[in-house]
Amino acid sequence: MPTDTPPNLRNTHIPTTDPSTGLKITEIFYSLQGEALTSGLPTIFIRLTGCPLRCVYCDTTYSFTGGVRLSLDDILADIAQYPCKRVCVTGGEPLAQPNAIALMKLLINQGYEVSLETAGALSVKEVPVQVSKVMDLKTPSSGECQRNLWENLDYLTAHDQLKIVIADRTDYDWAVAKLWEFDLHNKCGVVWFSPMFEIDERKSDVPNIAIQLAEWILADGLPVRLQLQLHKIIWADARGK
């Protein structure tokens, strides 16, 4: 009997946009939010597997591959054990898995306060408006500056936030130029300038780049906020924190 598609070309897998296929999950854990406007608040983190970017300063490279596929119902059952109704969907890059949108819609319907951490290289157009998008703009030092999807700025609201990780003066000057070029502080609720650093668990000294960044922001009187990653200061780079 003739078929519409030659057997050797037929896709026997259920499309990943089918909610019943669930999501590849690297980890689900309960901790304090270390960044953005909810910093310091108890939060459930759902870390999705996979990312199309390879930023040189990435601190979650373990999420690039592997993971366990869970149904959306299993994810809801897992997070129900925690005494919290605040969820951060993160990665990797959550939007690399289309079902991340279905997950966020389900979480909202279940009464969760939801935020999304995204690198800004994939479209945020379909992200539910109730979700607080915390979107990166990649600086030159990241190695992925060319991947910024600038049209994403059109989908930001006062409910959303921009994060720019800064490693040196070149990054800072780039970020300031983009701040004024795109009027970033008027496109979203907050623009964060975040110094790139790793905390050594044997010492707690604030690195020079954080001090320099604070001084640069003050000197230029920028309409941005300085951000230090609270979870790194407390737990260094420990997983599940």
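A.B. asks: Which parts of the structure should I look at to understand the overall build of the protein?
C.D. replies: Looking only at helices and strands, the protein has five helices and nine strands in total. Secondary structure elements of the protein, listed N to C terminal, follow the sequence β-β-β-α-β-α-β-β-β-α-β-α-β-α. For the protein, with 241 residues in total, the buried portion stands at 47%. By sequence separation, contacts in the protein at least 24 residues apart represent 69% of the contacts at least 6 residues apart. Roughly 12100 Å² of accessible area belongs to the protein as shown, and the carbon and sulfur atoms make up 52% of that amount.

A.B. asks: Looking at this structure, how should I read a nonpolar patch on the surface?
C.D. replies: Together, Val206, Ile211 and Leu228 line one region of the surface with nonpolar side chains, adding up to about 220 Å² of accessible area. Of note, Ile211 is situated in helix 4 (residues 208–220).

A.B. asks: Can you help me understand the layout of surface pockets in this one?
C.D. replies: If a probe the size of a water molecule is rolled over the atoms, the empty space left behind becomes visible. Of the pockets and cavities examined, the largest pocket occupies roughly 200 Å³. Thr38, Glu113, Val114, Ser115 and Ser132 are the residues nearest the centre of the largest pocket, which is lined by 18 residues in total. Listed by contribution, the elements that provide at least two residues to the lining of the largest pocket are strand 4 (86–90), strand 5 (113–118) and strand 6 (132–136). A per-element tally of the lining of the largest pocket places strand 5 first, with four residues. Here the lining of the largest pocket is composed, by residue class, of seven nonpolar, seven polar and four charged.

A.B. asks: Mind showing me how you'd approach unusual backbone geometry here?
C.D. replies: A negative phi angle is the norm for most residues apart from glycine, just as the trans form is the norm for most peptide bonds. Here the residue pair Gly91 and Gly92 is connected by a cis peptide bond, since its omega of 15 degrees sits within 30 degrees of zero. For Ala36, which is not a glycine, the phi torsion comes out positive at approximately 70 degrees. Unlike most non-glycine residues, Asp183 shows phi in positive territory, near 55 degrees. Along the chain, Asp183 falls in the loop between helix 3 (169–181) and strand 8 (190–195). Residue Asp183 is classed as partly exposed on the basis of its relative accessible area of 34%.

A.B. asks: How do you make sense of the pattern of salt bridges when you look at a structure like this?
C.D. replies: If charged atoms from side chains of opposite charge come close, those side chains can pair. What the rule picks out here adds up to nine salt bridges. As a salt-bridge pair, Glu144 and Arg147 come within 3.8 Å of each other at their nearest N and O atoms. By relative accessible area, which is 8% here, Glu144 ends up buried. One salt bridge in this structure joins Glu181 and Lys178, with 3.3 Å as the shortest N-O distance. Taken as a pair, Glu181 and Lys178 lie in helix 3 at a separation of three residues, close to a single helical turn. Classification of Lys178 as buried rests on a relative accessible area of 17%. When salt bridges with common partners are traced through the structure, they connect Glu35, Asp136, Lys138 and Lys163 into a single cluster.

A.B. asks: Would you mind showing me how to read the side chain of Ser115 here?
C.D. replies: The topology assignment puts Ser115 in strand 5. The class for Ser115 is buried, based on a relative accessible area of 14%. Beyond its immediate stretch of four places on either side in the chain, Ser115 contacts Val87, Cys88, Val89, Val131 and Ser132.

A.B. asks: Just checking my understanding: could you explain the nonpolar core for this structure?
C.D. replies: Nonpolar side chains tend to gather and get buried jointly when the protein is soluble and globular. With 48 residues, the main nonpolar core has Ile46, Met104, Leu107 and Phe193 as its most contacted residues. Residues contacting Met104, with those up to four places away along its chain left out, are Val89, Leu95, Val114, Leu116, Val127, Pro128 and Val131. With eight residues, the next largest nonpolar core counts Leu53, Ala119, Ala121 and Val165 among its residues.

A.B. asks: What is the right way to look at the packing of aromatic side chains in this model?
C.D. replies: In the structure shown here, the tally under the stated rule is six aromatic pairs. Considering the side-chain rings of Trp150 and Phe182, the 4.7 Å spacing of their centres and the 10 degrees angle between planes classify their relative orientation as stacked. A residue pair is termed long-range when its members are at least 10 positions apart, and Trp150 in the loop between strand 6 and strand 7 (161–166) and Phe182 in the loop between helix 3 and strand 8 qualify at 32 residues. For Trp150, a relative accessible area of 26% corresponds to the partly exposed category. Above the face of the Phe64 ring, Arg54 is positioned so that its terminal group lies 3.7 Å from the ring centre. The ring of Trp216 carries Arg169 above its face, with NZ or CZ at 4.9 Å from the centroid.

A.B. asks: Please clarify how the sheet that holds strand 1 (residues 23–32) should be interpreted in this entry.
C.D. replies: Two strands in a sheet stick together by hydrogen bonds in their backbones, pointing the same way (parallel) or opposite ways (antiparallel). Spatially, the nine strands line up as an open sheet ordered 3-1-2-4-5-6-7-8-9, and their pairing is mixed. Of all the strands in the sheet, just strand 3 (68–70) and strand 9 (225–226) have a single pairing partner and so form its edges. Across the face of the sheet, helix 1 (residues 72–79) comes into contact with strand 1, strand 2 (42–48), strand 3 and strand 4 while running at roughly 15 degrees to strand 1.

What counts as what
- In every chain, residue numbers begin from 1 and rise along the written sequence.
- Selection of residues for local features in this predicted model requires a pLDDT of at least 70, selection of side-chain atom pairs for listing and counting requires 80 or more, and totals for whole chains, interfaces and linings are taken over all residues.
- In computing side-chain values, all of the structure's heavy atoms are included and hydrogens and water are not.
- To qualify as a helix, a DSSP run of H or I must reach at least 4 residues; to qualify as a strand, a run of E must reach at least 2; elements of each kind are numbered from the N terminus.
- Relative accessible area decides the class of each residue, using a 1.4 Å probe on protein chains only: under 20% of the type maximum gives buried, over 50% gives exposed, and in between gives partly exposed.
- Any pair of residues with heavy atoms lying within 4.5 Å of one another is described as a contacting pair.
- For every accessible area listed, the method is Shrake-Rupley and the probe measures 1.4 Å; residues are considered covered only by the protein chains on display.
- Two distance rules govern patches: like charges are joined within 9 Å, and nonpolar side chains (Val, Leu, Ile, Met, Phe, Trp, Tyr) within 5 Å, applied only to residues with over 30% relative accessible area and no salt bridge.
- For this analysis, a salt bridge means a side-chain nitrogen from Lys or Arg found within 4 Å of a carboxyl oxygen belonging to Asp or Glu.
- Both site types are read off a 1 Å grid over the protein atoms alone. A 1.4 Å probe that fits but cannot get out defines a cavity, while an open set with protein on both sides within 12 Å along at least five of seven lines defines a pocket; lining residues have an atom within 4 Å of a point.
- Grid points are joined across faces, edges and corners, and a volume is the space filled by probe spheres set on the points.
- Each residue gets one of three labels, nonpolar for Ala, Val, Leu, Ile, Met, Phe, Trp, Tyr, Cys and Pro, charged for Asp, Glu, Lys and Arg, and polar for the others, Gly among them.
- Side-chain atoms within 4.5 Å are what join buried Ala, Val, Leu, Ile, Met, Phe, Trp, Tyr and Cys residues into a set we call a nonpolar core.
- In summary, the pairing rule links any two rings of Phe, Tyr or Trp, Trp by its six-membered ring, whose centres are within 6.5 Å, and it sorts them by plane angle into stacked for under 30 degrees, edge-to-face for over 60 and tilted for everything else.
- By definition here, charges over rings are those cases where NZ of Lys or CZ of Arg is within 6 Å of the ring centre and within 35 degrees of the ring normal.
- Being paired, for any two strands, means DSSP has found at least two bridges between them.
- Throughout, an axis means a line fitted to C-alpha atoms (over the contacting stretch in the case of helices), and angles, computed between N-to-C directions, take values from 0 to 180 degrees.

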